[in-house]
Amino acid sequence: MNITLKVWRQRNPNDTGRLVTYEAKNVSTHMSFLEMLDVVNNDLVKKGEDPIAFDHDCREGICGSCGLMINGRAHGPGRGIATCQLHMRGFKDGEVIVVEPWRANAFPIIKDLVVDRTAFERIMQAGGYTSAKTGGVPDGNAVLVPKPVAEDAMDAASCIGCGACVAACPNSSAMLFVAAKVSQLALLPQGKAERTQRVLAMVDQMDKEGFGNCSNNYACEAECPKEIKVTHIARMNREYLRANLVEK
Amino acid sequence: MSKLITFYKSSIGKKILMSLTGLFLCTFLMEHFVGNLLLFKEDGGRAYEAYTEFLLGNPVIRFVEIFLLVGFVLHIFLGVVVWWKNRTSRSHNYVEFRLKDNTPLASRITIWTGSFVFIFLVIHLNSFFVPSRITDTKVPLYDLVAQAFQSPLYDGFYILALILLGYHLKHGFQSGFQTLGLLNKKYSTLVELFGMIFWLIIPLGFACMPLYFLLIHKLGPSAMTIGVN
């Protein structure tokens, strides 16, 4: 299949950037989207041009490195997949595909399709952890966690921090990411001890980073590659309200 | 005090205040609707006049009115502040952004439906609240309403505002519960059904009022003599 790509090219953070058109010929339908970009980059290198910069690592949907806005959708068409899990069979022969980086003031562009997502790291550093010494592996029945709670926490823990929620949100809100982290720890006994300080610190850092507010239109849930539910946002709101009421 | 300021300054704090004021305004809407159903009583407006006199003479209602005003001002102010923050958190827009594939229309236009409802509110207050409470025209409110709704243009504007209010509440009502952390698998259907009272039944009922006065109700002699604001 042949594809026309319109890719956002931006030399550095200060460059204005623009869409550049590339023709990708003889693309296999079995290729992943990133492999197709690899092929395009090979051609660019052969021609002595600067290859398109994009983030990637594991290429199996678990590291959260990749993330492209493809035809106006975070991680492209399809539900519950990261960009690396998107295959060219999802596109039509002759299709024009617009590829852009995540866009949010809190995610400044470094180059082309690569954005700086260290804002997420700073939110995690503010409280996305437990400081209790857990020692060795506890006995299986020493700390009882009901199955539905464990499942809910596990769903939240599946967040890979790719930033699709921010990219898909009309307000560039990071609420789904922060909610997943707050929720995961607040649900489990080991995380409960610090739940008050955690939610206050993480929300405070989220606001400092310049993310927008949640307007509950749930575009984040629809585009999340791990299909994290907005019920976690409700839990974070509850945690935040509770923390403000009980904080000493 | 500093904790309250921190709460207000936070994104979630502002949203929680918006939810509380929004849901409070919904309770007012319910009261306003139920009271105004008396307009449909074919008794020349006697029951409706008795109801408005009861409201005017009731100190509790007058006291609650202050909260109503504060509720409106806070909800509108916070709505604009939050909207502006959201608008400015992405300086460079996408060339292609298919937001509508994933989100319901009502959730994308809340600020605009809210703004229109605000304009409607100003005109609505000028039509009924100002003559009955401020300039004190001594004209029975029932006649004022009956007269105002004789204008198809005014009725059209009124009905359009109610459709947009419906859209505003279709998103806003469930959104309020989500922000307060009260929406989960167990209650979401209940909230959705309960929300229909506010976004569907109440606006529909309110829309019947101008249609009733335009198409069914015959003006009494006292209403014939007054002008429309």
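Computed from a predicted model, the values in this text were never measured in an experiment. (Residues numbered from 1 in each chain as written. Chains lettered and ligands numbered in written order. Predicted model: local features only at pLDDT ≥ 70, side-chain atom pairs only at ≥ 80, totals over all residues. Heavy atoms only, no water.)

Draft legend 1. Spotlight on the interface of chain A and chain B. Between chain A and chain B, the residue contacts involve 50 residues of the former and 39 residues of the latter. When residues of chain A are sorted by the area they lose upon contact with chain B, Arg103, Asn213 and Asn216 of chain A head the list and together hold 17% of the total. Joining chain A to chain B, the criterion identifies zero salt bridges. Taken together, the elements giving at least two residues each to the side of chain A that touches chain B come down to strand 5 (96-100), helix 4 (164-168), helix 7 (195-208), helix 8 (219-223) and helix 9 (231-246) of chain A. The element that contributes the greatest number of residues to the side of chain A that touches chain B is helix 9 of chain A, accounting for nine residues. Split into classes, the residues belonging to the side of chain A that touches chain B amount to 26 nonpolar, 15 polar and nine charged. (Contact = heavy atoms within 4.5 Å. Buried area = accessible area lost by both parts, 1.4 Å probe. Salt bridge = Lys/Arg side-chain N within 4 Å of Asp/Glu carboxyl O. Helix = DSSP H or I, 4+ residues; strand = E, 2+ residues; numbered from the N terminus. Nonpolar A, V, L, I, M, F, W, Y, C, P; charged D, E, K, R; others polar.)

Draft legend 2. Structural detail: the domain arrangement of chain A. Residue and element names in this part refer to chain A. Considered domain by domain, chain A is made up of domain 1 (3-110) and domain 2 (117-246). Computed from C-alpha coordinates alone, the two centres of domain 1 and domain 2 are separated by 29 Å. Taken together, the contact between domain 1 and domain 2 spans 20 residues of the former and 21 residues of the latter. When domain 1 packs against domain 2, the two sides together hide about 1600 Å² of surface, and 55% of this comes from carbon and sulfur. For the pair domain 1 and domain 2, the number of links is two salt bridges. For Arg117, the salt bridge identified is with Asp55, shortest N-O distance 3.2 Å. (Domains from an automatic or database assignment.)

Draft legend 3. Broad picture of the sheet that holds strand 2 (residues 18-24) of chain A. All names here are of chain A. The strand order 2-1-5-3-4 describes an open sheet built from five strands, whose pairing is mixed. Edge positions in the sheet fall to strand 2 and strand 4 (73-74), since each has one partner strand and no second. Pairing between strand 1 (residues 3-9) and strand 5: four bridges, direction parallel. Its bridge partner being in strand 5, Lys6 is matched across the sheet by Val98. Against the sheet, helix 1 (residues 33-46) contacts strand 1, strand 2, strand 3 (69-70) and strand 5, and its axis sits at roughly 80° relative to strand 1. (Pairing = 2+ DSSP bridges. Axes fitted to C-alpha atoms, helices over the stretch in contact; angles between N-to-C directions.)

Draft legend 4. Fine view of helix 3 (residues 46-57) of chain B. A rise of 1.5 Å per residue sets the reference length of helix 3 of chain B, with its 12 residues, at 16 Å; its end C-alpha atoms lie 16 Å apart and thus fit the reference within 8%. Along helix 3 of chain B, the residues that are buried comprise Ala47, Tyr48, Glu49, Tyr51 and Thr52 of chain B. (Expected span 1.5 Å × (residues − 1). Buried < 20%, exposed > 50% of the residue type's maximum accessible area, 1.4 Å probe, protein only.)

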